[in-house]
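Here is what each chain is made of, one letter per residue.
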Amino acid sequence: MTIKNYINKVLKDKKQKPIPKNTNLISDRYLKLAFDSVRERVLQLKKDKSLTKDETEILLLATNKAIDHGPLLDKYDDIDQRILDAQKILRKGRTKPNLSAALDLIMEREKGTKHAKRDWYRIADDYGVLTEGREPLEAIKELVRRYEFPSEQALIRGLKRFKKKTSDPVFIEALRTLPWLNEPDE
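Scope of this entry: the structure provided in the associated data block.

Rules used throughout
Residues numbered from 1 in each chain as written. Predicted model: local features only at pLDDT ≥ 70, side-chain atom pairs only at ≥ 80, totals over all residues. Heavy atoms only, no water. Salt bridge = Lys/Arg side-chain N within 4 Å of Asp/Glu carboxyl O. Helix = DSSP H or I, 4+ residues; strand = E, 2+ residues; numbered from the N terminus. Buried < 20%, exposed > 50% of the residue type's maximum accessible area, 1.4 Å probe, protein only. Axes fitted to C-alpha atoms, helices over the stretch in contact; angles between N-to-C directions. Parallel < 35°, antiparallel > 145°, perpendicular 65-115°, else oblique. Contact = heavy atoms within 4.5 Å. Nonpolar A, V, L, I, M, F, W, Y, C, P; charged D, E, K, R; others polar.

1. Focus on the pattern of salt bridges
Counted under the stated rule, the structure contains 3 salt bridges. A salt bridge links Arg146 to Asp126, with the nearest nitrogen and oxygen atoms 3.3 Å apart. Taken as a pair, Arg146 in helix α6 (residues 136-147) and Asp126 in helix α5 (residues 120-130) lie far apart in primary sequence, 20 residues in all. With relative accessibility at 15%, the residue Asp126 sits in the buried group. Measuring nitrogen to oxygen at the nearest pair gives 3.4 Å for the salt bridge that ties Arg146 to Glu142. Of this pair, Arg146 and Glu142 both sit in helix α6, 4 residues apart, which is roughly one turn of that helix. Arg146 sits in the partly exposed class, given a relative accessible area of 42%.

2. Comments concerning unusual backbone geometry
Here Lys15, not a glycine, exhibits a phi torsion of approximately 60°, which is positive. When you line up the elements, Lys15 lands in the loop between α1 (3-13) and α2 (28-44). Phi at Glu148 takes a positive value of approximately 55°, unusual for a residue other than glycine. With respect to the secondary-structure elements, Glu148 resides in the loop between α6 and α7 (152-165).

3. Describing the packing of α5 against α7
It is at 10 Å that the axes of α5 and α7 come closest, and there the two elements cross at 105°. In terms of their interaxial angle, α5 and α7 are classed as roughly perpendicular. In this structure, α5 contributes Trp120, Tyr121, Ile123 and Ala124 to the contact, and α7 contributes Leu155, Gly158, Leu159 and Phe162. Classifying every residue of the contact of α5 with α7 by side-chain character gives 7 nonpolar, 1 polar and no charged.

Structure, rendered in C-alpha cells:
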C-alpha cells in the first residue's frame, strides 16, 4: 500500500471522497489528514501493538518534513522577535533616526548601513544595448522586468535624472531615445 492508498483508506473511513487515481501530487490538506490519523494511532499504541508499514512510512515522512521545516520555524521566531524589538523603538516616536534604527533591526543590518542603490550605469548601458534592435518602449518594458522597477515611469524618471548627472557622451546619446523625454530638460 502507498501513502496515497493509506490516505484514501482514511478518507473512506471518514466517508469523504478519495484522491483521484490520476493525481500524483498529494496536497498538504491530505498529508495533514494522514499525519493526524497516524498521530491518533501512535497515541493509541500499547506494548503489544505496532504500526503498519504504511503508517510507518507516513510517520517517517512527517518526521522528515518536521526536520526540513524546523529551522524555518526558528527563523520565523527570530523575525517575530526583531519586529517586536522594532515596535519598541518606534514607540519612542516615529522620527527618522527611530525609523532607520527599526528598519535596520528588521533587515538585520548593522546600524547606519547605507541602503542599496541602483546601478544606473549598468541600467543605462543595458538600455543602450536593448534599443539597438527594438523600440525604446520595448526596451523600457524589458528593463522594468529585469531590474524589478515598480513602473515604467519610475525607470524613465530615474534614467532622466541619471542623464542629467552623467557627462559620458555614450550614455547621453543612448538615453536621447527615451520615450516621453523629447521635451527640453528642465
